[in-house]
Amino acid sequence: MDTQVAIIGAGPAGLLLSHLLHRRGIESVILRRHTRAYVEARVRAGVMEHEVAELLVRTGVGERMLREGLRHRGIKLRFAGRTVHVDFQDLVGRGVVVYGQQEVVKDLIAARLAAGGTILFEAEALRIEDVTGERPTVVFRHNGREERLRAAVVAGCDGFHGISRKSMPEGAVTTYERRYPYAWLGILARSRPVHEELIYVHSEHGFALFSMRSPTLSRLYIQVPPDTDLADWPDERVWDELERRLDDPSLGLERGEVLQKDLTVMRSFVTEPMRVGRLFLAGDAAHIVPPTGAKGMNLAVADVTHLARALFAFFERGDERGFETYSDLCLDRIWKVQHFSWWMTTMLHRDEDALPFDHRRQLGELRSVTESRGALTWLAENYTGLPLNVDELV
Ligand code: APR
Ligand code: PHB
């Protein structure tokens, strides 16, 4: 099989890339290890930056998001018995949209299939050959047979556990990693969100986050040790702990049916460079951020905007200069977002091994940030998203 761009992975990164390329007449084939039902059912991130939402709307895949997504003008930070409204709209003139990542994935799959795009489900990429040649080839397994997909370019959008990063020649890449001494226990519950905006809570019992997916679905998280066994957390215990950390009698936490329970480990990870020859990494394949800044999906989209621009220039004008600059352009934003995500994470979580000094310092930091319009503006700029330059892509 031959195509212009071979895309490994059908998460937000791979699907959006295929969609943007299609709009400029560039052909791609997406390989996807899992079934369509599996792809669409996983609960993932839920906050979209202002310009990410705009990109979806302006490229014709934002219709359902406009209808069902929840526009938020800010977030709440709660600590030491007080709740502070971080009003993004007032601070930087833009907000965010709460809309589940798997909903974005559903919308993009539907758009690709409706436009006659090729997504091979249950097609597992095994290895990539000739990464530094002119026709790299992805070897994959489909319907029990080994097949080959040849292309001018391979986009590795196969997430953290994919094969793309591992296919980069040894010695060509450096990775940077940091682990955190905690994880998030998440639940999806059929219950009215406790508040109209997200509440990030720093408490002496640990961090908690009150998020949502719709007016009847809550998405809630509590900080737990990384080696936590979900069996130790029956529903009642989760609700009790959420209530204890929120510690706000003015808000009634509705204990609805728990639909899902999961554990997210916290990690910061970056691969440099993100391109070797004709293989380009994008999204989680190249980097991971801890979820506190709500940046995972947004960063994947930002990579794809750079990759799409480089590929437009290559296929439309034979201009390969974008290949050389791709990695640096992505990494400029990635390291800023790594810093923001690390900052939100360390400011809001409680490290049980930290010194009593550090616990007091954290409260000082929270007061310092929330009492400074300058600091809140910086938070708002980052949370709602650094510039994406959507105009060039639509
Ligand atoms: N062959 C084919 N497909 C693969 C392979 C393989 N060997 N390995 C992984 N995949 C597929 C997965 O099945 C999935 O469809 O690659 C895709 C990776 O998707 P995501 O993990 O969603 O990654 P990405 O598109 O980069 O999106 C980043 O995901 O984890 C969240 O917080 C993160 O929101 C961010 C988003
Ligand atoms: C979510 O709703 O899943 C969510 C929201 C904000 C975050 C992380 C996750 O920072």
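In this text the structure is predicted, and so the values were computed from the model without any measurement.

## Some details on the environment of His-161
Okay, step 1: Looking at the element boundaries, His-161 is found in the loop between β12 (153-156) and β13 (174-190).
Okay, step 2: We classify His-161 as exposed; its relative accessible area is 61%.
Okay, step 3: The spacing of His-161 and Gly-256 is 95 residues in sequence and 34 Å in space, taken between C-alpha atoms.

## Observations regarding the site of ligand 1
Okay, step 1: Among the 25 residues in the neighbourhood of ligand 1, the closest are listed as Arg-32, Arg-44, Gln-101, Ala-125 and Asp-284.
Okay, step 2: Pro-12 places a polar main-chain atom, nitrogen or oxygen, 3.3 Å from an oxygen atom of ligand 1.
Okay, step 3: Take Met-297: an N or O atom from its main chain is 2.8 Å from an oxygen atom of ligand 1.
Okay, step 4: Here ligand 1, which alone exposes 720 Å², has 91% of that area covered by the protein.
Okay, step 5: When its residues are assigned to classes, the shell around ligand 1 shows 11 nonpolar, 8 polar and 6 charged.

## Comments concerning the sheet that holds strand β7 (residues 96-98)
Okay, step 1: Taking strand neighbours across the sheet as the criterion, the 3 strands line up as β3-β7-β4 in an open arrangement whose pairing is antiparallel. Strands at the two margins of the open sheet, each flanked by one partner only, are β3 (47-48) and β4 (70-72).
Okay, step 2: Pairing geometry for β3 and β7, over 2 bridges, is antiparallel. By the bridge assignment for β7, Val-47 is matched with Val-98.

Conventions adopted
Residues numbered from 1 in each chain as written. Chains lettered and ligands numbered in written order. Predicted model: local features only at pLDDT ≥ 70, side-chain atom pairs only at ≥ 80, totals over all residues. Heavy atoms only, no water. Helix = DSSP H or I, 4+ residues; strand = E, 2+ residues; numbered from the N terminus. Buried < 20%, exposed > 50% of the residue type's maximum accessible area, 1.4 Å probe, protein only. Near = heavy atom within 4 Å. Polar contact = N/O pair within 3.5 Å; in protein donor to acceptor, adjacent residues only side chain to side chain. Areas by Shrake-Rupley, 256 points an atom, 1.4 Å probe, with all protein chains shown as cover. Nonpolar A, V, L, I, M, F, W, Y, C, P; charged D, E, K, R; others polar. Pairing = 2+ DSSP bridges.

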